[in-house]
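Structural features, examined
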Amino acid sequence: MAVMYTTMILLTLGLRAATYNICPENSVNSTHGAFGVTNYVQKGVWHQVPCPSFRPDEAISRVIWYKQDSPTTPEQTLITHKRNADYPESDRYAFGTSGFSLVIKGVEESDGGRYLCQILPRDTISRLEEISIQAIGDTFPGGSSQVSSTASFQRGRRQTLPCECASQTPDVVYWSTGEGVTTDTQIIGARFSDGATLQIQHGADYSIGSDASLTVNSLNDVQDTQRFWCHVFQSDGTLRNCDTNVQISVDEMESASDALKASERSFYLRSDTQQILPCLSWTPGDTTCEVEWSKLDNPDRQVLSYNLSTGVVVSSPKFDLASDFGLVIQSVDDDHAGVYRCAVGDENQIDVEVRVIGRCLD
Ligand SMILES: *[C@@H]1O[C@H](CO)[C@@H](O)[C@H](O)[C@H]1NC(C)=O
Ligand SMILES: *[C@@H]1O[C@H](CO)[C@@H](O)[C@H](O)[C@H]1NC(C)=O
């Protein structure tokens, strides 16, 4: 009995629900339009759906949004506007800032379906028009590829894949992984037109830049060969899919620059060489919107900062970011001894002590 119970807990943990993390943190409640010709909305995000029966410059006495999955099933009232006040049926619904669009706060899978917007003008008869939306969860619908390409990754490095489908004015960009074409692919993340990005299933292992490229911060979950997809919705709603087959190259230099571990939280760096300090506060799959390296005895503590919303890494040329948010020190000298802190978001910070040793020691 006890064994069965434990097994069930393990199974439940194994099927850990995907987490949806929006960056930057202050945009978690910003509202995004439905996108694509079929009005897609993304699970975990606030979306608004336009009211098709709305006409500007018309005196209105009442507006009502309903959800009705088919013309024969009962309709469910979601929100009403009358006498200059809004009456939502639940706090998941609100009106948008213009045109009586419907705001759904934190889309769920069950929000997909058929919606009706009824306008009762003050001077004419009422109008009722429908709009259907489709909710995207953790998987992206398969589709043929417009451009196929190949790339190779090296372990230990951060790498960036350009999106071959990117256009001048992308509205929404998704990245996913899997075979695709006739099967759905697993979504990695999305980027919306206002720059808000969404991490799905792999946390900050990946980030999507403003040019729609995908940066792979951690290769922990990447197979030796794997196919990545980028899906671009243009502002006119059309969708383009492009795929890149990635192969991880065998790098003989793999760990030559890893710092020597002295104990759990202290490391030796060999002087006059390139060395990489691991970020112990990071576990692959964790979500975060920023990573910062600092040296505690520096007057200006910050050594490197990485904003995952913009993809921008700020540091002096003497440092760089390795995979798994490790810190690359281009050429070690005695000044590099000290205590370093890797901060992943606000909560996870671990300090490591660093000593510099002559290169002849190895
Ligand atoms: C976002 O909305 C939720 C629910 O309406 C609210 O509890 C939360 O404080 C909001 N967060 C921000 C950053 O505005
Ligand atoms: C990261 O960039 C976003 C978008 O420009 C900005 O809103 C946010 O404040 C930045 N975060 C930090 C920590 O600077």
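So, here's what we can say about the structure. (Residues numbered from 1 in each chain as written. Chains lettered and ligands numbered in written order. Predicted model: local features only at pLDDT ≥ 70, side-chain atom pairs only at ≥ 80, totals over all residues. Heavy atoms only, no water.)

It is worth spelling out the site of ligand 1 at this point. Close to ligand 1 lie V28, N29 and W46. Contact distances for ligand 1 include 2.3 Å between an oxygen atom and a side-chain N or O atom of N29. Burial of ligand 1 by the surrounding chains reaches 30%, relative to a free accessible area of 360 Å². (Near = heavy atom within 4 Å. Polar contact = N/O pair within 3.5 Å; in protein donor to acceptor, adjacent residues only side chain to side chain. Areas by Shrake-Rupley, 256 points an atom, 1.4 Å probe, with all protein chains shown as cover.)

Below, the discussion takes up the sheet that holds strand β10 (residues 113–121). Strand order in the open sheet made by the six strands is β3-β11-β10-β5-β6-β7, with mixed pairing throughout. Of all strands in the sheet, those with a lone pairing partner are β3 (40–42) and β7 (85–88), marking the two edges. Sheet twist, expressed as the average angle between the axes of neighbouring strands with direction ignored, equals 25 degrees. Bridging between β3 and strand β11 (residues 127–136) involves three bridges; their strand directions are parallel. What sits directly across from Q42, in β11, is I136. (Pairing = 2+ DSSP bridges. Helix = DSSP H or I, 4+ residues; strand = E, 2+ residues; numbered from the N terminus. Axes fitted to C-alpha atoms, helices over the stretch in contact; angles between N-to-C directions.)

Moving on: the site of ligand 2. Around ligand 2 sit P24, E290, N307 and T310, and those are all the residues in its vicinity. In the complex, the protein chains occlude 44% of the 360 Å² of accessible area that ligand 2 would expose alone. When grouped by side-chain class, the residues that make up the shell around ligand 2 number one nonpolar, two polar and one charged. (Nonpolar A, V, L, I, M, F, W, Y, C, P; charged D, E, K, R; others polar.)

Another aspect to go through is a negative patch on the surface. A contiguous patch of negative charge, built from E25, E290, E292, D346 and E347, is present on the exposed surface. By the element assignment, E347 lies in the loop between β30 (338–344) and β31 (348–357). Looking at E347, the relative accessible area reads 73%, which means it is exposed. (Patch = residues over 30% accessible without salt bridge, like charges linked within 9 Å, V, L, I, M, F, W, Y side chains within 5 Å. Salt bridge = Lys/Arg side-chain N within 4 Å of Asp/Glu carboxyl O. Lys, Arg positive; Asp, Glu negative; His and termini not counted. Charge placed at Lys NZ, Arg CZ, Asp CG, Glu CD. Buried < 20%, exposed > 50% of the residue type's maximum accessible area, 1.4 Å probe, protein only.)

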